[in-house]
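Architecture at a glance
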Amino acid sequence: MSLHGKTALVTGSTSGIGLGIAKVLAAAGANVLLNGFGDPAAALAEVSSHGGRVAHHPADLGDVAQLEALFAYAKAEFGGVDILVNNAGIQHVAPVEAFPVERWDSIIALNLSAVFHCTRLALPGMRERNWGRIVNIASVHGQVGSVGKVAYVAAKHGVVGLTKVVGLETATTPITCNAICPGWVLTPLVQKQIDDRIASGTDPQQAQHDLLAEKQPSVAFVTPQHLGELVLFLCSEAGSQVRGAAWNIDGGWLAQ
Ligand code: NAD
């Protein structure tokens, strides 16, 4: 399948899942606009080696003005966004009574509100060009809870709800909006949670095994490549009647 001539914006794509998705979309011929913190040189090199046009914008998506500047840049440089992958996300783990208020605010701002803002800014251009794909990287935590993750779980449930509404509001158009709900993927976000177990005395291999075994029946990680291939399917004609879905890819986590 070719995405030649389409432009994909993948938020939070300087690392982890977003980078994996960006590589798959670029390999399918899309122009890719990367976003995220840190030095983007390595991500730019990895994604550029696939062919299409690639750029990076450093907007902090917790800040609406910066987010709007990202979309202005996308319009000026690429003519707009055809494929929006709302991927940027952060985590913090603490019990609800001890959950730092500023962490609640920043998780809701990035993991939920930025999905709303990016969607409202992408949709007018998609309607004008009469084609679009919005893919929200939610989580199994968009469908079930886990202790210590009050802000993350609330935000991801919000993303699944937002996805249904946008899926309905675009239902008669060639624009679709869906959520993907991954289980554990070995990225810096999850490595931090493994490191916490190592810090409390568990052997590194055992810590990784225990994290998986507690929730994910396959006891194997989902990979960024798996997620990229699922995004690619949602961009295809075969995916055109998947609308408002929350698609699990979780090694069986939600089957329990
Ligand atoms: P990661 O930490 O590897 O990457 C996060 C990306 O977001 C980075 O590029 C980072 O620079 C960027 N980012 C962080 N704050 C930002 C901000 N304010 N503005 C713009 N960019 C920002 O994390 P990941 O594991 O690849 O997670 C990506 C998404 O997948 C998140 O939404 C996460 O909730 C979701 N997810 C991850 C897992 C997992 O097991 N890793 C499982 C389910 C869902």
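Because the structure is a prediction, the values reported are computed rather than measured. (Residues numbered from 1 in each chain as written. Predicted model: local features only at pLDDT ≥ 70, side-chain atom pairs only at ≥ 80, totals over all residues. Heavy atoms only, no water.)

**Structural notes on the domain arrangement of the chain**
- Per the domain assignment, the segments of the chain are domain 1 (7-183 + 222-245) and domain 2 (185-221).
- Summarising the inter-unit geometry, the C-alpha centres of domain 1 and domain 2 are found 25 Å apart.
- Domain 1 puts 17 residues into the contact, and the matching count from domain 2 is 11 residues.
- When domain 1 packs against domain 2, the two sides together hide about 850 Å² of surface, and 55% of this comes from carbon and sulfur.
- Contact with domain 2 buries surface across domain 1, with Gln91, Gly183 and Val222 losing the most and accounting together for 46% of the total.
- Summed over the shared surface of domain 1 and domain 2, the result is 0 salt bridges.
- On the surface where domain 1 and domain 2 come into contact, there are 3 residue pairs in polar contact (both at pLDDT 80 or more).
- Broken down by element, the residue count for the side of domain 1 that touches domain 2 peaks at 3 residues, all from helix α8 (residues 224-235).
- Residues belonging to the side of domain 1 that touches domain 2 are distributed by class as follows: 7 nonpolar, 9 polar and 1 charged. (Domains from an automatic or database assignment. Contact = heavy atoms within 4.5 Å. Buried area = accessible area lost by both parts, 1.4 Å probe. Salt bridge = Lys/Arg side-chain N within 4 Å of Asp/Glu carboxyl O. Polar contact = N/O pair within 3.5 Å; in protein donor to acceptor, adjacent residues only side chain to side chain. Helix = DSSP H or I, 4+ residues; strand = E, 2+ residues; numbered from the N terminus. Nonpolar A, V, L, I, M, F, W, Y, C, P; charged D, E, K, R; others polar.)

**Quick word on the site of the ligand**
- Near the ligand lie 31 residues; those nearest to it are Ser15, Asn87, Tyr152, Val185 and Thr187.
- One of the side-chain N or O atoms of aspartate 60 is found 2.9 Å from a nitrogen atom in the ligand.
- Broken down by secondary-structure element, the contributors of at least two residues to the shell around the ligand are α1 (16-27), α5 (150-169) and α6 (188-199).
- When its residues are assigned to classes, the shell around the ligand shows 16 nonpolar, 13 polar and 2 charged.
- When residues of the shell around the ligand are sorted by domain, at least three fall in each of domain 1 (7-183 + 222-245) and domain 2 (185-221). (Near = heavy atom within 4 Å.)

**Quick word on the packing of aromatic side chains**
- Scanning the model with the defined rule gives 2 aromatic pairs in all.
- Seen from their ring centres, tryptophan 184 and tryptophan 253 are 5.4 Å apart, and the 50° between their planes marks the pair as tilted. Of this pair, tryptophan 184 sits in the loop between β6 (175-182) and α6 while tryptophan 253 sits in the segment after β7 (246-249), and the two are 69 residues apart along the sequence.
- We classify tryptophan 184 as buried; its relative accessible area is 8%.
- Positioned over the ring face of phenylalanine 78 is arginine 53, at 4.3 Å from the centre of the ring. (Phe/Tyr/Trp six-rings, centres within 6.5 Å; stacked < 30°, edge-to-face > 60°. Buried < 20%, exposed > 50% of the residue type's maximum accessible area, 1.4 Å probe, protein only. Lys NZ or Arg CZ within 6 Å of the ring centre and 35° of its normal.)

**Regarding the sheet that holds strand β5 (residues 132-137)**
- Taking strand neighbours across the sheet as the criterion, the 7 strands line up as β3-β2-β1-β4-β5-β6-β7 in an open arrangement whose pairing is parallel. Two strands lie at the open edges of the sheet, namely β3 (54-57) and β7, each paired on one side alone. Averaged over neighbouring strand pairs, the angle between their axes works out to 20° when direction is ignored.
- Summarising the sheet, strand β1 (residues 7-10) and strand β4 (residues 83-86) pair through 3 bridges and their orientation is parallel. Of the residues in β4, the one forming a bridge with valine 10 is valine 85.
- Relative to the sheet, helix α2 (residues 41-48) contacts β2 (31-35) and β3, its axis offset from that of β3 by approximately 155°.
- The strands touched by helix α4 (residues 101-129) are β4, β5 and β6; relative to β4, the strand with the most contacts, the crossing angle is about 175°. (Pairing = 2+ DSSP bridges. Axes fitted to C-alpha atoms, helices over the stretch in contact; angles between N-to-C directions.)

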